[in-house]
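Structural characterization, general
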Amino acid sequence: MSTELGEEPIELTLYDGAGLKAKDEALIAAFEQKHPNVTITGRYDPDDVQAQNAPRVLASDDPPDIARVIALSDVAGDGLLTNLDAYADAYTWDELPEGQLAQYRVNEDGVRGEGSQYTMADGFTVTGFYYNKELAEQLGMSTPPQTMEELEELLAQAEEAGMVPIMAGNQTGQVMTSTQMMLNHALGAESVNEWIFHAPEATIDTPEAAEALATIQDWAEAGYYPEDTNGTDATAALGRFANGEALFYASGNWDAAALDEQMGDNVGFFLPPAPEGQEPATMSDPASNFAIPAGSDAKDAAAAFLDFLRSEEARQVVADAGFAPSGEGEVPATEEGSVRAQIQEAFAQLVEADGQVQFVQNATNGLTTTWNSEAQRLVDGATTPEDMLDAVQSKYEDELGR
């Protein structure tokens, strides 16, 4: 392996989800400007099938040189990815925050968070609560709630005032955002990540998790979500929040640009309150977690692109796209006072606290449907927290062959 790209022409192919194309094309342009002898061609599948298609694409006779992967354990275990340890040493990737490195590693037993490095992300999602400042002021909320008790007091006040406390389009699983916030709060970041990373004997089916889900069900029964949440999709929920229908909107930084444009100074953002005496933690998945397929014939150039992702140029591109950039350092330039600027500051706090937690839906390839359908049943009162967790854990173990 080499970190030198020389001057001979090099052609690479990058594979990702179509919803990330604009970000990827901007990164490609910035990299090609720095390395004019390298040409990268993007290849994209629809977002809802890219994760399922990835193993087939990686195993093809002509795989891409750079590819986004989600179910890292499966494809690494099948020998479809390049072990990046040698590149990690050469490029000093061990200097990255530990919470980020954990998301790139998997050991020989398929346990993530440890072992060899197989991926590098360009940036991360950040989830928390957006809030309508005018509605918050009506309730006497001058600063974001610092404890879960303060948050629940505001939810009750909003419902009594005729506001929707938390906007959520649960037709597309948005109640899962606040559900994982409660799981993170009850179980802690390390415990949730161990389950997502497939630690031996890890389980989500615990009394503490059931208590977290019971809180979500209580919120639904109290009217804290819109009555039609299960019939509302994420796009409609975003629009309804932007139009002033709700106090809070539990979502991520992928909505920041739209809310900046539609709400201006009237929208704020905060991370979920942490338990007393603990550091903040929230869901923060890689935007594009890039690997180098084992069948690539241009691995050195592909590794140079992965290293470029932590450069200041790439970090700015990722921030401009609405995501939190990889690595650590100065917060990229964003419009002062904008909600995007608030999110970048929140992500910096999260990285310092080592509080990044992956999405529970991404623990295995098939869990998203189970989590989302069970969350719909939970808010409808058609299941119990205990039965929901049993269904999720059973699907998890089936997918892992345990």
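Quick summary incoming for the structure in this document.

Reading the values: the criteria
- Residue positions are given per chain, counting from 1 as you read along its sequence in written order.
- Local features in this predicted model are restricted to residues whose pLDDT is 70 or higher, and side-chain atom pairs enter the listing and the counts only when it is 80 or higher, whereas totals over whole chains, interfaces and linings include all residues.
- Neither water nor hydrogens contribute to the side-chain values; these are computed over all heavy atoms in the structure.
- By definition, any uninterrupted DSSP run of H or I lasting at least four residues is a helix, any uninterrupted run of E lasting at least two residues is a strand, and each is numbered from the N terminus.
- Our radius of gyration looks at C-alpha atoms and nothing else; its globule reference is 2.2 Å times the residue count to the power 0.38.
- Partly exposed residues are those whose accessible area sits between 20% and 50% of the maximum for their type, while under 20% is buried and over 50% is exposed, using a 1.4 Å probe and protein chains only.
- Residue contacts are counted whenever heavy atoms from the two residues lie within 4.5 Å of one another.
- Here the axes come from fitting lines to C-alpha atoms, over the contacting stretch only for helices, and the angles between their N-to-C directions go from 0 to 180 degrees.
- Residue type decides the class: Asp, Glu, Lys and Arg count as charged, Ala, Val, Leu, Ile, Met, Phe, Trp, Tyr, Cys and Pro as nonpolar, and the leftover types, Gly among them, as polar.
- For two strands to be treated as a pair, DSSP must find at least two bridges joining them.

So, about the overall build of the protein chain. Helix and strand counts for the protein chain come out as 17 helices and 15 strands. The C-alpha atoms of the protein chain give 21 Å as radius of gyration, which agrees with the globular expectation for 402 residues (21 Å, within 12%). Across its three principal directions, the C-alpha atoms of the protein chain cover 70 × 50 × 40 Å. Residues classed as buried in the protein chain amount to 58% of the 402 residues present.

Attention now goes to the environment of Ala237. Looking at the secondary structure, you find Ala237 in helix H11 (residues 234-242). The buried category is assigned to Ala237, whose relative accessible area is 0%. Separated by 137 residues in the primary sequence, Ala237 and Gln100 have C-alpha atoms spaced 30 Å apart. Ala237 has contacts with Met167, Ala168, Gly169, Gln174, Thr232 and Tyr249, leaving out every residue within four places of it along the chain.

Turning to the packing of helix H12 (residues 256-263) against helix H15 (residues 339-352), a few remarks are in order. It is at 8 Å that the axes of H12 and H15 come closest, and there the two elements cross at 145 degrees. Listed contacts from H15 to Ala256, Ala257 and Asp260 of H12 are Val339, Arg340 and Ile343. In terms of residue class, the contact of H12 with H15 is made up of four nonpolar, no polar and two charged.

Turning our attention to the pairing of strand E2 (residues 38-45). Summarising the sheet, strand E1 (residues 10-17) and E2 pair through eight bridges and their orientation is parallel. Residue Gly17 lies in a different strand from E2, and its bridge partner there is Asp45.

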